[in-house]
Amino acid sequence: MSRYESQVKTIYAAQPSVYARLSDLSQLQTMKDNLTPEQKEMIKAKFDEVSKGKVTVSDLAFTQDTASCTLQGMPISVKIIDREPMKTIKFTADNSPVAATLWIQLIGTGPYETKAKVTLDVDIPFFLKPMVGSKLDGVADQIAEGLTRIPY
């Protein structure tokens, strides 16, 4: 198992609000539905830039405990497997070619400030580690940075 940890990021919102938003994945559907066409196009363009047009994502769907999509024609989902109220949310990848677990840790540091850290454990097969490992180095930081941009 390889571990990737983010730096601690600051979210400028109250800890209960951050926890409530992140511990209920169905709220992502509301956020998705409220995107303007311009915002959707900007997100698609950024995704295409990062993936160099090599990755396709479709069929995004959300429930309280799961977020699922079709990635390169293969169904994949992320599921919440544990919640420690106001502190930790633990996710696992379902239907994934590799086992992966992600934790979001939250610490309230003020009335409108929450510190967040993301930890990602991925079971990369030994023979793939040289090709894939370096590409995962910044993923935890990217996720943590993304958390700072969500409206809480």
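Here goes a summary of the coordinates provided. (Residues numbered from 1 in each chain as written. Predicted model: local features only at pLDDT ≥ 70, side-chain atom pairs only at ≥ 80, totals over all residues. Heavy atoms only, no water.)

### A short note on the pattern of salt bridges
Here is step 1 of the chain: Tallying each qualifying case throughout the model produces five salt bridges.
Here is step 2 of the chain: D121 serves as the salt-bridge partner of R3, at 2.8 Å between the closest nitrogen and oxygen. Taken as a pair, R3 in strand β1 (residues 2–5) and D121 in strand β8 (residues 113–122) lie far apart in primary sequence, 118 residues in all.
Here is step 3 of the chain: With a shortest N-O distance of 3.4 Å, K9 and E145 are connected by a salt bridge. Placement of the pair is K9 in strand β2 (residues 9–11) and E145 in helix α5 (residues 139–147), with a sequence separation of 136 residues.
Here is step 4 of the chain: On the basis of relative accessibility, which here comes to 17%, the residue K9 falls in the buried class.
Here is step 5 of the chain: On the accessibility criterion, E145 (27% relative accessible area) is partly exposed.
Here is step 6 of the chain: Among the charged side chains, a network of salt bridges with common partners joins K9, E145 and R149. (Salt bridge = Lys/Arg side-chain N within 4 Å of Asp/Glu carboxyl O. Helix = DSSP H or I, 4+ residues; strand = E, 2+ residues; numbered from the N terminus. Buried < 20%, exposed > 50% of the residue type's maximum accessible area, 1.4 Å probe, protein only.)

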